[in-house]
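Now for the letters of each chain:
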Amino acid sequence: MPAEKEITELTFRGFSAQIRIGDRPLIVYKPEYDEETKTASGWITSEPGKEYFLCWKKNDVTVYAADGRVSIDGPRVRSGIITRPPNTDWVVETGERTAKEKERPFIFSELSTTGTLGRTVTPPARYNDGLLDTEPHSDDDSIIDKDIPTDPGTIKFEIFRRIITSESSEFRRASSDPFSTRVHEKTKKAGAHITKTGEERQTCYLPSGETIPFTEADTVPFVTLILRYRPEGILLAGGFKLSPVQRPQAEADRNDEGSDQDEDEAQAEAEIAALEAARNARVASLAKRKGVKLEEVEAELGRKRRKVKQEEPINVGLHFTPGEVIDLTDL
């Protein structure tokens, strides 16, 4: 069974999405497609500390514009860009826009945790202004519910079909403050990574526009593309990604079977060659001892073999063990 072909973009209903680190698109594992919900999904490997880019495109020239809204780690929209009808180039968002020409880069990050959500603890005896303080305290009041990511490790592209009614140069921020990279232990999803934003930097200006739905049915996404990101170890353990040393089982079985057969044939050939070498050496020794030519001994052995074939077979219980010396002195 051949290995699955690697893909670097998730394509469905005329649109594609991918995640890049620099110029390198990440491989998409285990893609799934659901026509009923108009949703495609797949898995990618996150690399903590690395910046990444959000990329999507319309694969064909259309009569409508496409409005791509991207949310990360939950429902907050972190990117919103409109592509014109003839545009089929990749839309590449290198960060979350904070101003008309400024952005904060997207960075894969590890989750850190506080204590158990809502739990209060009685601390060891301590003094406050010289008095003994025994009041219970929340283990971390700085993490509040609205800052906790609801779906860590998920990048969702929702693409709407739109008609552009007017151009606009006004900057519209796509989202509110980014999620916290710290969550309470009780809300942590096992093995998840999260996205944080880096230091603000300059970027190019992208024009926007006012739009309306292409049809009455286009108040909901025309297609949703979901890329779930996890550490490599999680994807390997879950069977979403094969390790470099793994092969499909059927292919491995065939290779192993062929390898065993080759080894058996090689061993048989070696044993036959050893037998022939031992026989030739013994025949040469016999010819020398009797003072006759080697051809005469070979001819005599041939006559004896023909004579044995004409007689009744005799089971003498002879066995040959590889490596033993064959005695041909009586021939």
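Our subject is the structure that appears above.
Described in the following lines is the structure provided in the data block. (Residues numbered from 1 in each chain as written. Predicted model: local features only at pLDDT ≥ 70, side-chain atom pairs only at ≥ 80, totals over all residues. Heavy atoms only, no water.)

Overview of the overall build of the chain
Here is the rule we go by: The helix count covers DSSP runs of H or I at least four residues long, the strand count covers runs of E at least two residues long, and both are numbered beginning at the N terminus. When checking whether two residues touch, look at their non-hydrogen atoms; a contact exists if any pair is within 4.5 Å. Throughout, the Shrake-Rupley method with a 1.4 Å probe supplies accessible areas, and for residues the shown protein chains are the sole cover considered.
Secondary structure summary: the chain contains 3 helices and 22 strands in total. Considering only intrachain contacts with a sequence separation of at least 6, the fraction spanning at least 24 residues in the chain is 76%. Surface exposure of the chain reaches about 20400 Å², of which carbon and sulfur atoms provide 52%.

Quick look at the pattern of salt bridges
Heads up, the condition is: By convention in these notes, a salt bridge is any Lys or Arg side-chain nitrogen within 4 Å of a carboxyl oxygen on Asp or Glu. Per-residue accessibility, obtained with a 1.4 Å probe over protein chains only, is compared with the maximum for each type, and a residue is labelled buried under 20%, exposed over 50%, and partly exposed between these values.
All chains considered together, the criterion is met by 10 salt bridges. Across the pair Arg-201 and Glu-103 runs a salt bridge whose closest N-O atoms are separated by 3.0 Å. Here Glu-103 lies in strand β11 (residues 102–110) and Arg-201 lies in strand β20 (residues 201–202), a separation of 98 residues in the sequence. What makes Arg-201 partly exposed here is its relative accessible area of 28%. In this structure, Arg-161 engages Asp-218 in a salt bridge whose closest nitrogen and oxygen atoms are separated by 3.1 Å. With Arg-161 in strand β17 (residues 154–168) and Asp-218 in the loop between β21 (208–213) and β22 (223–230), this pair connects stretches of sequence that are 57 residues apart. By the burial criterion, Arg-161 is buried, and Asp-218 matches it.

Side note on the pairing of strand β2 (residues 15–21)
Our working definition: Pairing between two strands requires that DSSP report at least two bridges joining them.
Most of β2 sits out of view: 7 of its 7 residues are buried. Across the two faces of β2 the burial is the same, with Phe-15, Ala-17, Ile-19 and Ile-21 and Ser-16, Gln-18 and Arg-20 all buried. What sits between strand β1 (residues 10–12) and β2 in their antiparallel hairpin is a turn of 2 residues, with Arg-13 showing a positive phi close to 55 degrees. Looking at chain direction, β2 and strand β3 (residues 24–25) are connected through 2 bridges and run antiparallel. Bridge pairing in β3 places Ile-21 opposite Arg-24. Where β2 hands over to β3, the hairpin turn is made up of 2 residues, of which Gly-22 adopts a positive phi near 65 degrees.

Here's the deal with the environment of Gln-18
For the record, the criterion: Side-chain atoms alone can form a polar contact between residues adjacent in sequence; in general such a contact is a pair of N or O atoms within 3.5 Å, and within protein one must be able to donate a hydrogen while the other accepts it.
With respect to the helices and strands, Gln-18 occurs in strand β2. On a C-alpha basis, the gap between Gln-18 and Val-28 in space is 8.1 Å, while along the polypeptide they are 10 residues apart. Those residues in contact with Gln-18 that sit more than four places away from it in its chain are Thr-8, Glu-9, Pro-25, Phe-53, Leu-54, Cys-55, Trp-90, Phe-157 and Leu-227. Within polar-contact distance, the side chain of Gln-18 engages the side chain of Arg-20 at 2.5 Å.

Describing the packing of aromatic side chains
Spelled out, the test is: Two rings belonging to Phe, Tyr or Trp (six-membered ring only in the last case) form a pair when the distance between their centres is within 6.5 Å. Interplanar angles under 30 degrees mark stacking, angles over 60 mark edge-to-face geometry, and anything in between is tilted. Any Lys NZ or Arg CZ found within 6 Å of a ring centre and within 35 degrees of that ring's normal is scored as a charge over the ring.
Within this structure, the stated rule accounts for 7 aromatic pairs. Here a set of aromatic residues connected by ring pairs shows up, and it is made of Tyr-52, Phe-106, Phe-108 and Tyr-229. The aromatic ring of Tyr-64 is capped on one face by Arg-161, whose charged end is 5.3 Å from the ring centroid.

Section: the pairing of strand β5 (residues 39–45)
Taken across its 7 residues, β5 has 7 buried, putting it largely inside the fold. Side chains Thr-39, Ser-41, Trp-43 and Thr-45 project from β5 onto one buried face, and the interleaved Ala-40, Gly-42 and Ile-44 project onto a second face that is buried too. As defined by bridge partners, strand β4 (residues 29–34) adjoins β5 across 4 bridges and the pair is classed as antiparallel. When the bridges of β5 are listed, Tyr-29 appears paired with Trp-43. Between β4 and β5, which pair antiparallel one after the other, the connecting turn spans 4 residues, and Lys-38 there sits at a positive phi close to 55 degrees. Two strands pair when backbone bridges link them, and β5 and β22 are joined in this way by 7 bridges, in the parallel orientation. Note on β22: the bridge partner recorded for Ser-41 is Ile-226.

Concerning the nonpolar core
Test applied: For this analysis, a nonpolar core means a set of buried residues of the types Ala, Val, Leu, Ile, Met, Phe, Trp, Tyr and Cys, connected via side-chain atoms within 4.5 Å.
Counting 29 residues, the largest nonpolar core has Phe-15, Ile-19, Tyr-52, Leu-54, Ile-155, Phe-157 and Leu-225 as the members making the most contacts within it. Of all the elements in the fold, those that place two or more residues in this core are β1, β2, β5, β6 (51–58), β7 (65–72), β11, β17 and β22. Listed in part, the 5 residues of the second largest apolar core include Val-283, Leu-286, Ala-287 and Leu-301.

That's the geometry; what it means functionally is another story.
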